[in-house]
Amino acid sequence: MSKKIRVNTKNSKVVDGRLFITMLKAQQIKSVVLQKLIEYGNSIVYPNVGKLVEYKGGYIRVKS
């Protein structure tokens, strides 16, 4: 069973089927395995949210 991160609409955005998470959420991920799934080279700047980086692993998206 692979680990998944928990994200919501405030700390992440899905663009073209790819998940982008805020820099704060990326720093909160402590697992070395999950850290390797963050692509800091692939980033976007989203209005009213700021810079987001691509996350290529499994995730659970909640509505809050």
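Residues numbered from 1 in each chain as written. Predicted model: local features only at pLDDT ≥ 70, side-chain atom pairs only at ≥ 80, totals over all residues. Heavy atoms only, no water.

## Some thoughts on the overall build of the chain
At step 1: What the chain contains, in helices and strands, is two helices and six strands.
At step 2: Written out in order from the N terminus, the α and β elements of the chain read β-β-β-α-α-β-β-β.
At step 3: Radius of gyration (C-alpha) of the chain: 11 Å, near the 11 Å computed for a compact globule of 64 residues.
At step 4: By principal-axis analysis of the C-alpha atoms, the chain measures approximately 35 × 25 × 20 Å.
At step 5: Looking at the chain as a whole, 33% of its 64 residues are labelled buried.
At step 6: Pairs at least 24 apart in sequence give 53% of the contacts found in the chain among residues at least 6 apart. (Helix = DSSP H or I, 4+ residues; strand = E, 2+ residues; numbered from the N terminus. Rg over C-alpha atoms; globule rule 2.2 N^0.38 Å. Buried < 20%, exposed > 50% of the residue type's maximum accessible area, 1.4 Å probe, protein only. Contact = heavy atoms within 4.5 Å.)

## Here we look at the nonpolar core
At step 1: Judged by nonpolar contacts, I5, V7, L19, I21, A26, I29, L34, I38, V53 and Y55 together constitute the single largest core of ten residues.
At step 2: Elements represented by at least two residues in this core include exactly β1 (4-8), β3 (18-22) and β5 (50-55).
At step 3: Those residues in contact with V53 that sit more than four places away from it in its chain are L19, F20, I21, M23, A26, I38, E39, Y40, N42 and S43. (Core = buried A, V, L, I, M, F, W, Y, C linked by side-chain atoms within 4.5 Å.)

## Topic: unusual backbone geometry
At step 1: Backbone geometry at D16 places phi at a positive 50°, although glycine is not the residue there.
At step 2: Mapped onto the elements, D16 comes out in the loop between β2 (12-15) and β3.
At step 3: Of note, N48 is a non-glycine position whose phi angle comes to about 65°, a positive value.
At step 4: Within the element layout of this structure, N48 appears in the loop between β4 (38-46) and β5.

## Concerning the side chain of S12
At step 1: Tracing the chain through its elements places S12 in strand β2.
At step 2: Overall, S12 belongs to the buried group, its relative accessible area being 1%.
At step 3: One polar contact links the side chain of S12 to the main-chain carbonyl oxygen of N8, over a distance of 2.6 Å. (Polar contact = N/O pair within 3.5 Å; in protein donor to acceptor, adjacent residues only side chain to side chain.)

## Things to note about the pattern of salt bridges
At step 1: Applying the stated rule across the entire model yields one salt bridge.
At step 2: Residue R18 pairs with E54 through a salt bridge whose shortest N-O separation is 3.8 Å. Highlighted residues: R18 in strand β3 and E54 in strand β5, separated in sequence by 36 residues. (Salt bridge = Lys/Arg side-chain N within 4 Å of Asp/Glu carboxyl O.)

## Here's the deal with the side chain of T22
At step 1: By the element assignment, T22 lies in strand β3.
At step 2: At a separation of 3.2 Å, a polar atom in the side chain of T22 contacts the main-chain amide nitrogen of K25.
At step 3: Filtering out sequence-adjacent residues up to four positions away, T22 remains in contact with K10, N11, V49, K51 and L52.

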